[in-house]
Amino acid sequence: MRSSILRLARPALSSSRLAPRFAPAASTRLAHSHAQESFESFSQRYITFFQNAEDLFEVQRGLNNCFAHDLVPSPQVIEAAVRAARRVDDYATAVRVFEGVKEKVENKAQYEAYVDELKPVREELGILLKEELYTS
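A. View of unusual backbone geometry. The phi angle at Asp 89 is positive, at roughly 65°, despite the residue not being glycine. Within the element layout of this structure, Asp 89 appears in the loop between helix H5 (75-87) and helix H6 (91-104).

Printed below as a string of C-alpha coordinates:
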(Lines give C-alpha, C1' and ligand atoms only; values in the text may rest on other atoms or scores of the structure.)
Protein backbone atom coordinates (compact mmCIF):
# COMPACT_ATOMS: atom_id res chain seq x y z
CA MET A 1 0.00 0.00 0.00
CA ARG A 2 2.80 2.37 0.83
CA SER A 3 4.43 1.91 -2.58
CA SER A 4 1.15 2.66 -4.34
CA ILE A 5 0.82 5.96 -2.45
CA LEU A 6 4.34 6.96 -3.40
CA ARG A 7 3.63 6.15 -7.06
CA LEU A 8 0.53 8.33 -7.00
CA ALA A 9 2.32 11.21 -5.31
CA ARG A 10 5.21 11.14 -7.74
CA PRO A 11 4.25 12.02 -11.32
CA ALA A 12 5.74 9.88 -14.01
CA LEU A 13 8.67 11.42 -15.84
CA SER A 14 8.25 11.41 -19.55
CA SER A 15 10.82 12.26 -22.17
CA SER A 16 8.88 15.41 -23.08
CA ARG A 17 9.24 16.73 -19.53
CA LEU A 18 12.98 16.20 -19.54
CA ALA A 19 13.55 17.99 -22.82
CA PRO A 20 14.22 21.75 -22.51
CA ARG A 21 11.46 23.99 -23.70
CA PHE A 22 12.34 26.74 -26.13
CA ALA A 23 10.19 29.51 -27.50
CA PRO A 24 9.47 29.28 -31.19
CA ALA A 25 11.93 31.14 -33.38
CA ALA A 26 9.27 33.58 -34.57
CA SER A 27 8.83 35.03 -31.10
CA THR A 28 12.54 35.62 -30.38
CA ARG A 29 13.72 39.18 -30.10
CA LEU A 30 16.65 40.28 -32.16
CA ALA A 31 19.29 42.18 -30.21
CA HIS A 32 20.41 44.19 -33.24
CA SER A 33 17.07 45.61 -34.20
CA HIS A 34 17.98 49.29 -33.75
CA ALA A 35 19.47 51.42 -36.46
CA GLN A 36 23.21 51.95 -36.56
CA GLU A 37 24.27 55.40 -35.30
CA SER A 38 26.48 57.40 -37.64
CA PHE A 39 29.85 58.71 -36.46
CA GLU A 40 28.62 62.30 -36.84
CA SER A 41 25.53 61.73 -34.68
CA PHE A 42 27.66 59.83 -32.13
CA SER A 43 30.07 62.77 -31.98
CA GLN A 44 27.30 65.33 -31.69
CA ARG A 45 25.56 63.33 -28.96
CA TYR A 46 28.69 63.20 -26.80
CA ILE A 47 29.67 66.82 -27.48
CA THR A 48 26.23 67.87 -26.27
CA PHE A 49 26.47 65.50 -23.31
CA PHE A 50 29.81 66.89 -22.14
CA GLN A 51 28.69 70.50 -22.67
CA ASN A 52 25.74 69.84 -20.35
CA ALA A 53 27.56 67.74 -17.72
CA GLU A 54 27.19 69.39 -14.33
CA ASP A 55 29.35 67.29 -12.03
CA LEU A 56 32.31 64.94 -12.00
CA PHE A 57 30.12 61.84 -11.86
CA GLU A 58 28.39 62.82 -15.11
CA VAL A 59 31.69 63.58 -16.84
CA GLN A 60 33.22 60.27 -15.81
CA ARG A 61 30.07 58.33 -16.72
CA GLY A 62 30.05 60.00 -20.14
CA LEU A 63 33.72 59.15 -20.65
CA ASN A 64 33.12 55.55 -19.67
CA ASN A 65 30.21 55.25 -22.09
CA CYS A 66 31.98 57.10 -24.88
CA PHE A 67 35.16 55.02 -24.69
CA ALA A 68 33.19 51.77 -24.43
CA HIS A 69 32.23 52.00 -28.11
CA ASP A 70 34.33 50.33 -30.77
CA LEU A 71 35.65 53.59 -32.20
CA VAL A 72 37.94 56.44 -31.30
CA PRO A 73 35.99 59.60 -30.41
CA SER A 74 36.57 62.61 -32.64
CA PRO A 75 38.88 65.42 -31.50
CA GLN A 76 35.80 67.60 -30.96
CA VAL A 77 34.40 65.05 -28.48
CA ILE A 78 37.76 64.89 -26.70
CA GLU A 79 37.86 68.68 -26.51
CA ALA A 80 34.35 68.80 -25.04
CA ALA A 81 35.28 66.09 -22.52
CA VAL A 82 38.45 67.89 -21.44
CA ARG A 83 36.61 71.19 -21.10
CA ALA A 84 33.92 69.45 -19.03
CA ALA A 85 36.55 67.90 -16.75
CA ARG A 86 38.15 71.31 -16.17
CA ARG A 87 34.75 72.96 -15.70
CA VAL A 88 33.98 70.58 -12.82
CA ASP A 89 37.53 71.28 -11.55
CA ASP A 90 39.03 67.83 -11.98
CA TYR A 91 42.49 68.05 -13.49
CA ALA A 92 43.18 64.32 -13.12
CA THR A 93 40.21 63.38 -15.30
CA ALA A 94 41.32 65.86 -17.95
CA VAL A 95 44.73 64.15 -18.08
CA ARG A 96 43.11 60.70 -18.10
CA VAL A 97 41.04 61.62 -21.18
CA PHE A 98 44.28 61.67 -23.17
CA GLU A 99 45.32 58.35 -21.64
CA GLY A 100 42.02 56.93 -22.89
CA VAL A 101 42.72 58.23 -26.38
CA LYS A 102 46.19 56.67 -26.27
CA GLU A 103 44.63 53.28 -25.48
CA LYS A 104 41.94 53.55 -28.16
CA VAL A 105 44.04 54.55 -31.17
CA GLU A 106 45.74 51.94 -33.31
CA ASN A 107 49.25 53.41 -33.32
CA LYS A 108 51.44 56.14 -31.89
CA ALA A 109 51.08 58.35 -34.99
CA GLN A 110 47.32 58.59 -34.46
CA TYR A 111 47.83 59.52 -30.82
CA GLU A 112 50.33 62.20 -31.81
CA ALA A 113 47.81 63.58 -34.32
CA TYR A 114 45.22 63.93 -31.53
CA VAL A 115 47.78 65.55 -29.22
CA ASP A 116 48.88 67.99 -31.94
CA GLU A 117 45.33 68.93 -32.89
CA LEU A 118 44.31 69.47 -29.28
CA LYS A 119 47.50 71.30 -28.24
CA PRO A 120 45.86 74.78 -28.24
CA VAL A 121 43.07 73.49 -25.97
CA ARG A 122 45.59 71.83 -23.66
CA GLU A 123 47.60 75.05 -23.43
CA GLU A 124 44.47 77.13 -22.83
CA LEU A 125 43.31 74.85 -20.00
CA GLY A 126 46.80 74.16 -18.61
CA ILE A 127 46.68 70.40 -19.12
CA LEU A 128 49.86 68.37 -19.31
CA LEU A 129 49.97 64.84 -20.65
CA LYS A 130 50.96 61.95 -18.41
CA GLU A 131 54.23 61.70 -20.36
CA GLU A 132 54.95 65.35 -19.57
CA LEU A 133 54.05 64.98 -15.89
CA TYR A 134 56.16 61.90 -15.25
CA THR A 135 59.38 62.20 -17.17
CA SER A 136 62.19 59.85 -16.23
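B. Region of the structure containing the packing of aromatic side chains. Applying the stated criterion to the full structure yields 5 aromatic pairs. Aromatic side chains Phe 39 and Phe 42 sit 6.5 Å apart centroid to centroid with 25° between the ring planes, which places their arrangement in the stacked category. Taken together, the positions of Phe 39 and Phe 42, both in helix H3 (residues 39-52) and 3 residues apart, correspond to about one turn of that helix. On the accessibility criterion, Phe 39 (37% relative accessible area) is partly exposed. The class for Phe 42 is buried, based on a relative accessible area of 3%. An aromatic cluster is present here, built from Phe 39, Phe 42, Tyr 46, Phe 49 and Phe 50 joined pairwise through their rings. The ring of Phe 98 carries Arg 122 above its face, with NZ or CZ at 5.9 Å from the centroid.

C. Quick look at a nonpolar patch on the surface. Judged by side-chain polarity, Leu 128, Leu 133 and Tyr 134 come together as a nonpolar surface patch covering roughly 320 Å² of accessible area. Tracing the sequence through the fold places Tyr 134 in the segment after helix H9 (130-133). For Tyr 134, a relative accessible area of 63% corresponds to the exposed category.

D. Broad picture of the pattern of salt bridges. Using the criterion set out here, one finds 7 salt bridges in the structure. In this structure, the salt-bridge partner of Glu 79 is Arg 83, at a minimum N-O distance of 3.0 Å. Taken as a pair, Glu 79 and Arg 83 lie in helix H5 at a separation of 4 residues, close to a single helical turn. A salt bridge links Glu 131 to Lys 102, with the shortest nitrogen-to-oxygen separation between them at 3.0 Å. With a gap of 29 residues between them, Glu 131 in helix H9 and Lys 102 in helix H6 connect regions that are remote in the sequence. Ionic contacts of the salt-bridge type, sharing partners, join the residues Glu 79, Arg 83 and Glu 124 into one network.

E. A look at the environment of Val 82. Mapped onto the secondary structure, Val 82 falls in helix H5. Measuring from C-alpha to C-alpha, the distance between Val 82 and Leu 118 comes to 9.9 Å, with 36 residues separating the pair along the chain. Beyond its immediate sequence surroundings of up to four residues, Val 82 is in contact with Ala 94, Val 97, Phe 98, Leu 125 and Ile 127.

F. Spotlight on the side chain of Asp 90. Assignment of secondary structure puts Asp 90 in the loop between H5 and H6. In this structure, Asp 90 is buried with no salt-bridge partner, the nearest side chain bearing the opposite charge being Arg 86 at 7.8 Å. Setting aside residues up to four positions removed in sequence, Asp 90 forms contacts with Leu 56, Gln 60 and Ala 85.

G. Molecular detail of helix H7 (residues 108-117). For H7, every residue scored as buried is listed here: Tyr 111, Tyr 114 and Val 115. Buried residues along H7 cover an arc of 100° about the axis, so they all sit on one side. Those residues of H7 that are exposed and angled more than 90 degrees off the buried face are Ala 109 and Asp 116. Close packing links the buried residues of H7 with H5, H6, helix H8 (119-125) and H9. Its side-chain oxygen at 3.2 Å from the backbone nitrogen of Ala 109, Asn 107 defines the N-terminal cap of H7.

Each value, and the rule that gives it
Here the residue numbering is sequential within each chain, running from 1 through the sequence in written order. Local features in this predicted model are restricted to residues whose pLDDT is 70 or higher, and side-chain atom pairs enter the listing and the counts only when it is 80 or higher, whereas totals over whole chains, interfaces and linings include all residues. The basis for every side-chain value is the complete set of heavy atoms in the structure, and neither hydrogens nor water enter the calculation. Secondary structure elements are taken from DSSP: a helix is a run of H or I of four residues or more, a strand is a run of E of two residues or more, and numbering for both begins at the N terminus. When two rings of Phe, Tyr or Trp (its six-membered ring) have centres within 6.5 Å they constitute a pair, described as stacked for plane angles under 30 degrees, edge-to-face for angles over 60, and tilted for the intermediate range. When a residue's accessible area, from a 1.4 Å probe over protein chains only, is under 20% of the maximum for its type it is buried; when over 50% it is exposed; and in between it is partly exposed. Definition used: whenever NZ (Lys) or CZ (Arg) falls within 6 Å of the ring centre and also within 35 degrees of the ring normal, the charge is taken to sit over that ring. Like charges are joined within 9 Å and nonpolar side chains (Val, Leu, Ile, Met, Phe, Trp, Tyr) within 5 Å, but only among residues with over 30% relative accessible area and no salt bridge; these make up the patches. We get accessible surface area from the Shrake-Rupley algorithm with a probe of 1.4 Å; when it comes to residues, only the shown protein chains can shield them. By salt bridge we mean one thing: a side-chain nitrogen of Lys or Arg within 4 Å of a carboxyl oxygen of Asp or Glu. Here, residues are in contact when the closest pair of their heavy atoms is within 4.5 Å. Charged residues are defined here as Lys and Arg on the positive side and Asp and Glu on the negative side; His and the ends of the chain fall outside this count. Taken from the helix axis, the directions to the C-beta atoms give the arc we talk about. Under this definition, polar contacts are N or O atom pairs within 3.5 Å; protein pairs additionally need one hydrogen-donor-capable and one acceptor-capable atom, and for neighbouring residues in sequence, both atoms have to be side-chain atoms.

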